[in-house]
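Secondary and tertiary structure notes
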Amino acid sequence: MEDLSSTDQKNAIAREAGTFLKQEFGFHSESVSVRMENAMILIRVENFLCQAEQKIGLEKQNANLVQQMYAKIFDAVKGPFIDRINQITDHKVVSSQIGINFDTKNFLISFRV
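Here the residue index of a chain counts from 1 through its sequence in written order. Whole-chain, interface and lining totals are the exception, using all residues; otherwise, since this is a predicted model, local features are given only for residues with pLDDT of at least 70 and side-chain atom pairs are given and counted only at 80 or more. Only hydrogens and water are set aside when side-chain values are computed; all heavy atoms of the structure are taken into account.

1. Quick word on the sheet that holds strand 1 (residues 32-37)
By definition, the strands of a sheet pair up through backbone hydrogen bonds, in either a parallel or an antiparallel sense. Pairing between two strands requires that DSSP report at least two bridges joining them. Working definition: helices are DSSP H or I runs of at least four residues, strands are E runs of at least two. Numbering for both runs from the N terminus. Strand order across the open sheet formed by 4 strands is 1-2-4-3, with antiparallel pairing between neighbours. Of all strands in the sheet, those bounded by a partner on one side alone are strand 1 and strand 3 (95-101). The mean inter-strand angle of the sheet, taken between neighbouring strand axes irrespective of direction, is 15°. Packing against the sheet, helix 1 (residues 6-25) makes contact with strand 1, strand 2 (40-45) and strand 4 (106-112), and its axis sits at approximately 130° to strand 1. A contact between two residues is defined here by any heavy atoms of the two lying within 4.5 Å. Working convention: axes come from line fits to C-alpha atoms, limited for helices to the stretch in contact. Angles between N-to-C directions cover 0 to 180 degrees. Along the sheet face, helix 4 (residues 79-89) touches strand 1, strand 2, strand 3 and strand 4 and points at about 60° away from the line of strand 4.

Below you can see the structure in the form of structure tokens.
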């Protein structure tokens, strides 16, 4: 358990998200923002998609395939990241999901605690 202020928690989660993305996705994040409201944590990673992913994601069928691929990868590797969020916030993550915005190239990760 870490005794951190809300701002410190957000900063710690953003750092952990950057490390997680680099280790598990090979992605170096330019910008990671964290929002914490009630029982939700939302992490937004800007410019996550490469140009090819963004382009094929403009077609709904392809967007669903890319979304499914990233969801499977996230589900397979999220355990240690969730453990760190549990430690930072002193709350237990009860659910998580990812989303991709193909227009903005943003990757979203949400946790319910």
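Past the structure itself, the notes keep going.
2. Regarding the pairing of strand 1
Bridging between strand 1 and strand 2 involves 6 bridges; their strand directions are antiparallel. In the sheet register, M36 faces strand 2, and the bridge partner there is I41. Hairpin connection from strand 1 to strand 2: 2 residues lie between these consecutive antiparallel strands, with N38 at a positive phi of about 50°.

3. What about the environment of K105?
Along the chain, K105 falls in the loop between strand 3 and strand 4. The spacing of K105 and E53 is 52 residues in sequence and 8.7 Å in space, taken between C-alpha atoms. When neighbours within four sequence positions are excluded, K105 is seen to be in contact with V45, E46, N47, F48, L49 and Q54.

4. So, helix 1
Side chains of residues three or four places apart in an α-helix project in the same direction, reflecting 3.6 residues per turn. Residue count minus one, scaled by 1.5 Å, sets the expected span of a helix. Between its terminal C-alpha atoms helix 1 stretches 27 Å, which fits the 28 Å expected from 20 residues at 1.5 Å a residue. Those residues of helix 1 that are buried lie in contact with strand 1, strand 2, helix 3 (60-77), helix 4 and strand 4. Remark: G26 follows helix 1 within two positions and exhibits a positive phi of approximately 70°.

5. Brief notes about the nonpolar core
Side-chain atoms within 4.5 Å are what join buried Ala, Val, Leu, Ile, Met, Phe, Trp, Tyr and Cys residues into a set we call a nonpolar core. Each residue is placed in one exposure class: buried if its accessible area under a 1.4 Å probe, protein chains only, is under 20% of its type's maximum, exposed if it is over 50%, and partly exposed if it falls in between. Counting residues in each nonpolar core, the largest one holds 29 residues, and the members touching the most others are F25, I43, F48, Y70, F107 and F111. Every element with two or more residues in this core is listed here: helix 1, strand 2, helix 3, helix 4, strand 3 and strand 4. Ranked by residue count, the leading element in this core is helix 1, at 7 residues. Residues in contact with I43, not counting those within four places in the same chain, are I13, A17, V32, S33, V34, F81, F107, L108, I109 and F111.

6. Here we look at unusual backbone geometry
Backbone geometry places D90, a non-glycine residue, at a positive phi of 60°. Of note, D90 is situated in the loop between helix 4 and strand 3.

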